[in-house]
2 protein chains.
Amino acid sequence: MVDHNERRKQICDVLLDIVSEAGIAAATIREVADRSGWSTGVIGHYFKNRQDLLLGGLRRAAEILGEHNTRVINTLEGIAALEQILEGSIPLDKRRLALCRIFFFFYAEGMTVADLRQELESYLVGWRKSATRAIRQAQAHGDLPADLEPKRVAADLVGLADGLSIHSLLDPRVMSQLREQSPIRYWIRRLGTEVPSGDKGESAPPTRYASA
Amino acid sequence: MVDHNERRKQICDVLLDIVSEAGIAAATIREVADRSGWSTGVIGHYFKNRQDLLLGGLRRAAEILGEHNTRVINTLEGIAALEQILEGSIPLDKRRLALCRIFFFFYAEGMTVADLRQELESYLVGWRKSATRAIRQAQAHGDLPADLEPKRVAADLVGLADGLSIHSLLDPRVMSQLREQSPIRYWIRRLGTEVPSGDKGESAPPTRYASA
């Protein structure tokens, strides 16, 4: 008997391989059929059209990231976990390139399609939750200052990771910087320090994310 | 005599108004005609189809941001300029919402269309250059540490601003955080501090963006 969930997952994994090697434009039912050996008819049993197949790829990507984060949380703690959670989708290898491409493809669509936006929101919420948890652990261990507000810092770092990932797919210079050094580590290290109370700059009053 | 450059600009401004109020999906030649009073024929003289019109909107958005950055650099200095350059496209008002929506719509497409990717790259390069210049000024004034590498820090902050903007359009919680406090200021303030040389965390060796 065919395990339909397993086959669906396998089809999505073939799709993600194509996305990482040749991009979203190349990711068609025909191409998945050619690569996998399943007929377009079999694939059509699981995904009614190309859009549906791509959406399957997005969900598989979210599942892979979720599994990654669970594994990280079960094996690492605090800052080490935080780094891995944030770097889990920076496109520095084929697997993560596929995840980025499929996510960013749907980000644009999520801005106009309500159901999709909600789905993407739930993935972002999950990502931030994992990061928040790691920040709290780091605080408990004394590796990050106790006065940081974990949720806000998590939201910013998740934004940083995704913003740089998007830019790296548009601009090779950003990609080479990401390959050279981890900006994630750089900014997490910045959190480990006290901000001086005197403000020398001509900027507006300091905004702090300290909890009340 | 009609000033064609001026009219083209006016059409794009009407388009951006529609994008800010009703989103990309509502931004059609028909809708621009209804709003502006110009016929679809007149608009068709400037933009051959909807995609071309949207591309016009992207270019107008880039021009608006470029003008904003020039104005900032001519009137502010150092950290104050840096903040304005980075916050210029965070979608906290109608104008900036339109810029974000049109940019992010094309980011997805830029990942598959080479010409468009290059165009978007040039906008990102320009944005980073303005930020880099402001960071150098702040260093010259002693408002940021001399050992920061301006280009790298600029790339990260531009990534942070764009990443959070994208997330705020997908997730209302990120939007309310952006409305409450500026993450840009928070992280710029983090740069003003020395990172301690002893590393208490279990993280990998510190990566620094210090110039050689």
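For the structure, check the block above.
Being a predicted model, the structure only gives us computed values, none of them experimental. (Residues numbered from 1 in each chain as written. Chains lettered and ligands numbered in written order. Predicted model: local features only at pLDDT ≥ 70, side-chain atom pairs only at ≥ 80, totals over all residues. Heavy atoms only, no water.)

Participant: Would you mind showing me how to read the overall build of chain A here?
Facilitator: If you tally the helices and strands in chain A, you get 10 helices and 0 strands. Secondary structure elements in chain A, listed N-terminal to C-terminal, are α-α-α-α-α-α-α-α-α-α. The buried share of chain A, reckoned over its 212 residues, is 55%. A separation of at least 24 residues holds for 66% of the contacts in chain A among residues at least 6 apart in sequence. Summing over all exposed atoms, chain A offers an accessible surface of approximately 9,100 Å²; the carbon and sulfur share of this is 50%. (Helix = DSSP H or I, 4+ residues; strand = E, 2+ residues; numbered from the N terminus. Buried < 20%, exposed > 50% of the residue type's maximum accessible area, 1.4 Å probe, protein only. Contact = heavy atoms within 4.5 Å. Areas by Shrake-Rupley, 256 points an atom, 1.4 Å probe, with all protein chains shown as cover.)

Participant: I keep staring at the packing of helix α4 (residues 50-75) of chain B against helix α6 (residues 94-110) of chain B and nothing clicks. Help me out?
Facilitator: The relative placement of two packed helices comes down to the angle between their axes together with the axis-to-axis distance. Residues and elements named next belong to chain B. Contact geometry of α4 with α6 gives a least axis separation of 9 Å together with a crossing angle of 125°. Of the possible angle classes, the one that applies to α4 and α6 is oblique. Taken as a pair, α4 and α6 cross one another with a handedness that is left-handed. In contact with Gln51, Leu54, Leu55, Gly57, Leu58, Ala61, Ala62, Ile64 and Leu65 of α4, α6 contributes Arg95, Leu99, Ile102, Phe103, Phe105, Phe106 and Glu109. Residues belonging to the contact of α4 with α6 are distributed by class as follows: 12 nonpolar, 2 polar and 2 charged. (Axes fitted to C-alpha atoms, helices over the stretch in contact; angles between N-to-C directions. Parallel < 35°, antiparallel > 145°, perpendicular 65-115°, else oblique. Left-handed = near helix turned anticlockwise from the far one by under 90°. Nonpolar A, V, L, I, M, F, W, Y, C, P; charged D, E, K, R; others polar.)

Participant: Teacher, can you tell me more about the side chain of B:Gln181 here?
Facilitator: Here B:Gln181 shows up in the loop between α9 (172-180) and α10 (183-191). Here A:Arg152 takes part through its side chain, which lies 3.5 Å from a polar atom of the side chain of B:Gln181. (Polar contact = N/O pair within 3.5 Å; in protein donor to acceptor, adjacent residues only side chain to side chain.)

Participant: Got a minute to help me understand the packing of aromatic side chains in this structure?
Facilitator: How two aromatic rings sit relative to each other is given by the distance of their centres and the angle of their planes. Tallied over the entire structure, the rule returns 11 aromatic pairs over all chains. When the ring of A:Trp187 is compared with that of B:Trp187, the centres are 5.9 Å apart and the planes differ by 80°; the resulting orientation is edge-to-face. With one member in each of two chains, A:Trp187 in helix α10 (residues 183-191) and B:Trp187 in helix α10 form a pair that bridges those chains. Taken individually, A:Trp187 and B:Trp187 each receive the classification buried, so the pair is uniform in this respect. A cation over an aromatic ring shows up here: A:Arg8 above the ring of A:Phe47, its NZ or CZ 4.9 Å from the ring centre. (Phe/Tyr/Trp six-rings, centres within 6.5 Å; stacked < 30°, edge-to-face > 60°. Lys NZ or Arg CZ within 6 Å of the ring centre and 35° of its normal.)

Participant: I keep staring at α10(B) and nothing clicks. Help me out?
Facilitator: Burial analysis of α10(B) places 8 of its 9 residues in the buried class, which makes it a mostly covered element. When we look at burial in α10(B), the residues that qualify are B:Pro183, B:Ile184, B:Tyr186, B:Trp187, B:Ile188, B:Arg189, B:Arg190 and B:Leu191. The elements touched by buried residues of α10(B) are α8 (150-170) and α10 of chain A together with α5 (78-87), α8 (150-170) and α9 of chain B.

Participant: I would appreciate a short explanation of the pattern of salt bridges in the present structure.
Facilitator: Side chains bearing opposite charge may pair, as long as their charged atoms lie close to each other. Per the stated rule, a full pass over the model turns up 30 salt bridges over all chains. In this structure, the salt-bridge partner of A:Asp171 is A:Arg173, at a minimum N-O distance of 3.6 Å. If you follow the salt bridges from partner to partner, you end up with A:Arg117, A:Glu121, A:Arg128, B:Asp171 and B:Arg173 in one network. (Salt bridge = Lys/Arg side-chain N within 4 Å of Asp/Glu carboxyl O.)

Participant: Would you mind going over the environment of A:Arg136 with me for this structure?
Facilitator: All names here are of chain A. Relative to the helices and strands, arginine 136 is located in helix α7 (residues 114-140). Between the C-alpha atom of arginine 136 and that of glycine 78, which follows or precedes it by 58 residues, the distance is 7.4 Å. Beyond its immediate chain neighbours, meaning those up to four positions away, arginine 136 contacts Pro150 and Lys151.

Participant: Mind showing me how you'd approach the environment of A:Leu169 here?
Facilitator: In this structure, A:Leu169 sits in helix α8. Linking A:Leu169 and A:Asp17, residues 152 residues apart in sequence, is a C-alpha distance of 17 Å. If we skip the residues at most four places from it in the chain, A:Leu169 touches A:Pro91, A:Leu97, A:Cys100, A:Arg101, A:Phe104, A:Met175, B:Met111 and B:Arg117.

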